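# An overview of the molecular structure
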Amino acid sequence: GENVEQHPSTLSVQEGDSAVIKCTYSDSASNYFPWYKQELGKRPQLIIDIRSNVGEKKDQRIAVTLNKTAKHFSLHITETQPEDSAVYFCAASIWEYGNKLVFGAGTILRVKS
Amino acid sequence: KAGVTQTPRYLIKTRGQQVTLSCSPISGHRSVSWYQQTPGQGLQFLFEYFSETQRNKGNFPGRFSGRQFSNSRSEMNVSTLELGDSALYLCASSERTRADTQYFGPGTRLTVL
């Protein structure tokens, strides 16, 4: 079945620096890739998503890139702020399998001020 | 629109008991998916319901079951609880099935003693 690997498991950056989180998926049929942010004790919140017919998507300080050939996608956060500190999860989904999301293990992002 | 709601928010049960969790999706959303979140296994897909039919199922034992009502509200049931069932149970709703954007509820924290 589908497997999603996420790296790094923890990431510490200085406020204002950029952060990059990378994920690799195993099933080439995957065609939907969301990213969720989860703060302590809160629900996962969708921050950005990308579909397989698009190579890059940007929303203010957040961007996601997708490389279908290499089967990996990345989250880029620029000008990080302390409120960006949270756990970030990548996920992959295959259209034929409904809304089933396979998640990466998560990345703890700490932004130091 | 109101977001996804889940009840109860916290639950304490003992081994061998059964439990029922409830999820009310965003108005107009017909798909509800359930996920289990634990520190060791991360976020794992349990099942998805769409228009009262189970659309897909994850790799969980038959003790885990669910259903969906005509108003799209969903319940999941865990019978014969085990210590390892202690987790945060999250539901997510979306308008359609087929790799659609999902919005999570706050979760139900289940503790099995």
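Residues numbered from 1 in each chain as written. Chains lettered and ligands numbered in written order. Predicted model: local features only at pLDDT ≥ 70, side-chain atom pairs only at ≥ 80, totals over all residues. Heavy atoms only, no water.

### Some details on the packing of aromatic side chains
According to the stated counting rule, one finds 13 aromatic pairs over all chains in the structure shown. With 6.0 Å between their ring centres and 50° between their planes, Y36(A) and F103(A) make a pair best called tilted. Remark: F103(A) occurs in strand β10 (residues 102-103) and Y36(A) occurs in strand β4 (residues 32-38); sequence separation between them is 67 residues. By the burial criterion, Y36(A) is buried, and F103(A) matches it. Measuring from centroid to centroid gives 5.7 Å for F47(B) and Y49(B), while their planes differ by 70°, and the two rings are edge-to-face. Taken individually, F47(B) and Y49(B) each receive the classification buried, so the pair is uniform in this respect. Linked through ring pairs, Y36(A), F89(A), F103(A), Y35(B), F45(B) and F104(B) together constitute an aromatic cluster. The aromatic ring of W95(A) is capped on one face by R98(B), whose charged end is 4.0 Å from the ring centroid. (Phe/Tyr/Trp six-rings, centres within 6.5 Å; stacked < 30°, edge-to-face > 60°. Helix = DSSP H or I, 4+ residues; strand = E, 2+ residues; numbered from the N terminus. Buried < 20%, exposed > 50% of the residue type's maximum accessible area, 1.4 Å probe, protein only. Lys NZ or Arg CZ within 6 Å of the ring centre and 35° of its normal.)

### Some thoughts on the sheet that holds strand β3 (residues 19-24) of chain B
Sheet strands pair via backbone hydrogen bonds, and the direction of the pair is either parallel or antiparallel. All names here are of chain B. Taken together, four strands build an open sheet; the order of strands is β1-β3-β8-β7 and the sheet is antiparallel. Strand pairing shows two members of the sheet lacking a second neighbour, β1 (5-7) and β7 (64-68), which therefore form its edges. Adjacent strand axes in the sheet meet at a mean angle of 20°, parallel and antiparallel pairs treated alike. Two elements, β7 and strand β8 (residues 74-78), share five bridges in a ladder whose sense is antiparallel. Its bridge partner being in β8, R67 is matched across the sheet by E75. (Pairing = 2+ DSSP bridges. Axes fitted to C-alpha atoms, helices over the stretch in contact; angles between N-to-C directions.)

### With respect to the side chain of Q6(A)
Residue and element names in this part refer to chain A. Along the chain, the position of Q6 falls in strand β1 (residues 4-7). Q6 sits in the buried class, given a relative accessible area of 7%. A distance of 3.1 Å separates the side chain of Q6 from the backbone nitrogen of G106, its partner in a polar contact. Non-local contacts of Q6, meaning those with residues more than four positions away in its chain, are made with I21, K22, C23, W35, Y88, F89, C90, G104, A105, G106 and T107. (Polar contact = N/O pair within 3.5 Å; in protein donor to acceptor, adjacent residues only side chain to side chain. Contact = heavy atoms within 4.5 Å.)

### Remarks on the pairing of strand β3 (residues 19-25) of chain A
Residues and elements named next belong to chain A. By the alternation rule, side chains of β3 split into A19, I21, C23 and Y25, which are all buried, and V20, K22 and T24, of which none is buried. Pairing geometry for β1 and β3, over four bridges, is antiparallel. Looking across to β3, one finds that V4 is bridged to Y25. Here β3 runs beside strand β8 (residues 72-77); their pairing, made up of six bridges, is antiparallel.

### Some words on the pattern of salt bridges
Residues and elements named next belong to chain B. Summed over the entire model, instances satisfying the criterion amount to eight salt bridges over all chains. Of the charged contacts, one joins E82 and R63 as a salt bridge, the two residues approaching to 3.6 Å between their closest N and O atoms. In this pair, E82 sits in the loop between β8 and β9 (87-94) while R63 sits in the loop between β6 (53-57) and β7, placing the two residues 19 residues apart along the sequence. Taking the relative accessible area as the measure of exposure, E82 reaches 43% and is therefore partly exposed. For R63, a relative accessible area of 16% corresponds to the buried category. (Salt bridge = Lys/Arg side-chain N within 4 Å of Asp/Glu carboxyl O.)

### Thoughts on the nonpolar core
In terms of nonpolar packing, the biggest core is built from 25 residues, with W35(A), F73(A), L75(A), Y88(A) and L109(A) touching the most fellow members. Only β2 (10-14), β3, β4, β5 (45-51), β7 (62-67), β8, β9 (86-92) and β11 (107-112) of chain A provide two or more residues apiece to this core. Setting aside anything within four residues of it in sequence, one finds L75(A) in contact with A19(A), V20(A), I21(A), W35(A), I47(A), I48(A), I62(A), A63(A) and Y88(A). By size, the runner-up hydrophobic cluster in this structure holds 21 residues, among which are F60(B), F64(B), L81(B) and V112(B). (Core = buried A, V, L, I, M, F, W, Y, C linked by side-chain atoms within 4.5 Å.)

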